[in-house]
Each structure stands twice: as C-alpha cells, then as structure tokens.
Amino acid sequence: MNKILVLGCAGQIGSDLTLELRKIHGNSNVYASDIRQADKDIMESGPFEMLNVLEVNKVAEVVKKHGITQIYHLAAILSGNAEKKPLPSWDINMKGLLDILEMVKELKVKRLFWPSSIAVFGPSTPVKNTPQQCIMDPNTVYGISKLAGERWIAYYRKRYGVDTRSVRYPGLISYKTEAGGGTTDYAVEIYYEAIKKGTYQCFLEKDTYLPMMFMPDAIKATIQLMETDANKLSIDDSYNVGGMSFCPDDVFKAIKKEMPDFTITYQPDFRQAIANSWPQSIDDSIAQRDWGLNYQYDLDAMTKVMLKEIKKKF
C-alpha cells in the first residue's frame, strides 16, 4: 500500500490532486502539506502537516514517521510572481527540489513526482507542435529553474536510480482555486470575472495562443504517469503534455455562448513578453505512446463546467 506525501497541497494543482489521490488510495494514506492551511475539504478529509520545503529535515521526519513511499513535490513560485522576486523564487523552486531529491535518495522513497512546465521553452523553440526534444532557451526565472530541475531529476534518475516522474504542464485551469501569479492565469481569471462582474480586462493580447489543460485532465495525466511501470517510460526528464490550444479571444467567444452580455478589454502587461516566448501548441505523442495520455475536455466543455462551478461559489 502506498503512503503518499503531497508537498504544496494548497496550490492550484495540489488542491485537486490531493483529493483525487485520497479517493484512490484512501484518506488516511495521503498526507497533505503546505506552509499554510489548505481548503476545508483537504483539512477535514485526511492528515495534514505544516511543512516548508526549504526545511528538508522536517520533511524527512514526516517521511520517516509515516513510511512515505511516494512524494508529489508541487511547491513553487509561478512565472509572473517569480519575475517580481527572482532570488527567493530560485531558492524555493531550485533548492527545494535539490533538497527533496537528496532526501528521496537517502531515505529510498520509491517514487517522486515533480512538475515541469512549458516555461522551459524559449524564443528559439519551435512555437507550433513543439517537439519533446528541441532547443530550450528560457528567459524567465521560472523557466530557467524548471529547465535546471529537469536536468537534475534526469541526473538523479540515471546516477542514483531515483524513480523520478515529471510532465511539462501547459497552462492549468481550475475552478477550485483562483489565479496564483502565472502567465496563463488569464484563463482562470476570465471565468471568475465573468461571473462576478460580467466583464474582464485581459493582460494578454487577444490572439495570444498558448497550450492549456483543464485540471481534471491534468490530474488524470499526473496519476496515470505515476502508476505506469517504469520499464515503459522512455523519457528521463519531463514529458510534453499539450491539452488544447487557444487564445483569449477564443475563451471570450466560448463564454459569450453561455453569457451573451459578457464583455472583454485588453491591456497587455509584462506577462505578454513571457507568453510570446512560449509555445503555441505541443507535440505530446511520446506521452500518448508511453503511458496512454489522453484528454476528456475541449474549450466548450470546460467553459460549461467552469461557469457552473464558479456560480456555485458566489
């Protein structure tokens, strides 16, 4: 039986992933942790530990105490916020990973998941149908840390036999948690603002195409990868996952189908330059081949769910 620790359970991915893992493995076998308390459904459905990934000795104590066999290391500062505070973000994103990798090696934790991102790509990367292996020249703190992280997990996998798993997430969209400082966060904000105000001012230009995934598809893909036999995996660093590709104008039109009075304006900020350096679509055929990656939601199906669930909140 797996005993699982989720580091960063209060974030956008962790809040959904923790609950799904508890459904699969049992509430008492999935330990949630963060530097702050998580949502009520996480706090009340299973064990919680207050942990800071930069205090790796305390993380190790929890791992040993509960016999943890799998770790999902999700704690990070996202792209937009990382540009505002580069050095602290580097420490959390990079030192946090290295400390956890070393701990996993020493304590012989069976499996580690760490998320990478499309931020590893850069201005020289092919922007359409971006391949698994290509030029990567990220120009953001977040992207640099993710690319370095990919090399480190591949190193620990080859050098020490640590079973590391990773995907390069595109923009992730969820109704459970509001935007958290990422470049793709317009695709979360726009739904909340549609419900709250009936209008939205977008920080990207209307025709900025980026790859995106609805959170249920992202959670399914993450767990699929973690449950795949190691001998089926051909990628040592991080798998491309693509989801769907759309621009702000596409989301606006999808919302107008459900809310005809919805309006939008555009005022691009510093995140436009970040978005311009990222792919517009992703080739994830290797993930499809190796561990059966597939998707359930397109933009219209996602929009219906997002609007329905956010309306319940308000």
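None of the values given here were measured: they were computed from a predicted structure. (Residues numbered from 1 in each chain as written. Predicted model: local features only at pLDDT ≥ 70, side-chain atom pairs only at ≥ 80, totals over all residues. Heavy atoms only, no water.)

Observations concerning the nonpolar core
Then comes step 1: If you look at the biggest cluster of nonpolar residues, it comprises 42 residues, and the most contacted ones within it are Ile173, Tyr186, Tyr191, Phe246, Ile255 and Met302.
Then comes step 2: Elements represented by at least two residues in this core include exactly helix 6 (141-160), helix 7 (186-196), strand 10 (199-202), strand 11 (210-214), strand 13 (244-246), helix 9 (248-258), helix 10 (271-276) and helix 12 (299-313).
Then comes step 3: Residues Cys9, Ala10, Leu19 and Ala218 belong to the second largest nonpolar core, which totals 34 residues. (Core = buried A, V, L, I, M, F, W, Y, C linked by side-chain atoms within 4.5 Å. Buried < 20%, exposed > 50% of the residue type's maximum accessible area, 1.4 Å probe, protein only. Helix = DSSP H or I, 4+ residues; strand = E, 2+ residues; numbered from the N terminus.)

Here we look at the packing of helix 3 (residues 56-66) against helix 5 (residues 86-107)
Helix packing for two helices is described by the angle between their axes and how far apart those axes are.
Then comes step 1: With their axes 10 Å apart at the nearest point, helix 3 and helix 5 run at an angle of 35° to one another. In the crossing of helix 3 with helix 5, the sense of the turn from one axis to the other is right-handed. Seen from helix 3, the contacting residues are Val56, Val59, Ala60, Val63 and Lys64; seen from helix 5, they are Asp99, Ile100, Met103 and Leu107.
Then comes step 2: The class makeup of the residues in the contact of helix 3 with helix 5 is 7 nonpolar, no polar and 2 charged. (Axes fitted to C-alpha atoms, helices over the stretch in contact; angles between N-to-C directions. Left-handed = near helix turned anticlockwise from the far one by under 90°. Contact = heavy atoms within 4.5 Å. Nonpolar A, V, L, I, M, F, W, Y, C, P; charged D, E, K, R; others polar.)

As for the pattern of salt bridges
Then comes step 1: All chains considered together, the criterion is met by 21 salt bridges.
Then comes step 2: Ionic contacts of the salt-bridge type, sharing partners, join the residues Arg111, Arg157, Lys158, Asp163, Arg165 and Asp236 into one network. (Salt bridge = Lys/Arg side-chain N within 4 Å of Asp/Glu carboxyl O.)

Comments concerning the pairing of strand 2 (residues 30-34)
Then comes step 1: Of all 5 residues making up strand 2, 5 are buried, and the element is well covered by its neighbours.
Then comes step 2: Neither face of strand 2 is open: one carries Val30, Ala32 and Asp34, the other Tyr31 and Ser33, and all of them are buried.
Then comes step 3: Taken together, the 4 bridges between strand 1 (residues 4-7) and strand 2 define a ladder with parallel strand orientation. Paired with Val6 across the strands is Ala32, a residue of strand 2.
Then comes step 4: Following the backbone out of strand 1, through helix 1 (residues 12-25) and into the adjacent parallel strand 2, one traces a crossover that is right-handed.
Then comes step 5: Both strand 2 and strand 3 (residues 48-50) contribute to a ladder of 3 bridges, which runs parallel. By the bridge assignment, Asp34 is partnered in strand 3 with Met50.
Then comes step 6: A crossover connection joins strand 2 to the parallel strand 3 through helix 2 (residues 40-45); in handedness this β-α-β unit is right-handed. (Pairing = 2+ DSSP bridges. Right-handed = clockwise from strand over helix to strand, strands pointing away.)

Some words on the environment of Asn129
Then comes step 1: Relative to the helices and strands, Asn129 is located in the loop between strand 6 (116-117) and helix 6.
Then comes step 2: Sequence separation between Asn129 and Pro279 is 150 residues; the distance between their C-alpha atoms is 7.8 Å.
Then comes step 3: Asn129 has contacts with Ser281, Ile282 and Asp283, leaving out every residue within four places of it along the chain.

Describing the sheet that holds strand 13
Then comes step 1: Across the sheet, 3 strands lie side by side as 9-11-13; this open sheet has mixed pairing. Where the open sheet ends on each side, the last strands, each with one partner, are strand 9 (171-173) and strand 13. Adjacent strand axes in the sheet meet at a mean angle of 45° when their direction is disregarded.
Then comes step 2: Sitting on the sheet, helix 7 touches strand 9, strand 11 and strand 13, and the angle it makes with strand 9 is about 25°.
Then comes step 3: Taken strand by strand, helix 8 (residues 215-227) contacts strand 9 and strand 11, and its axis lies near 80° from that of strand 11.

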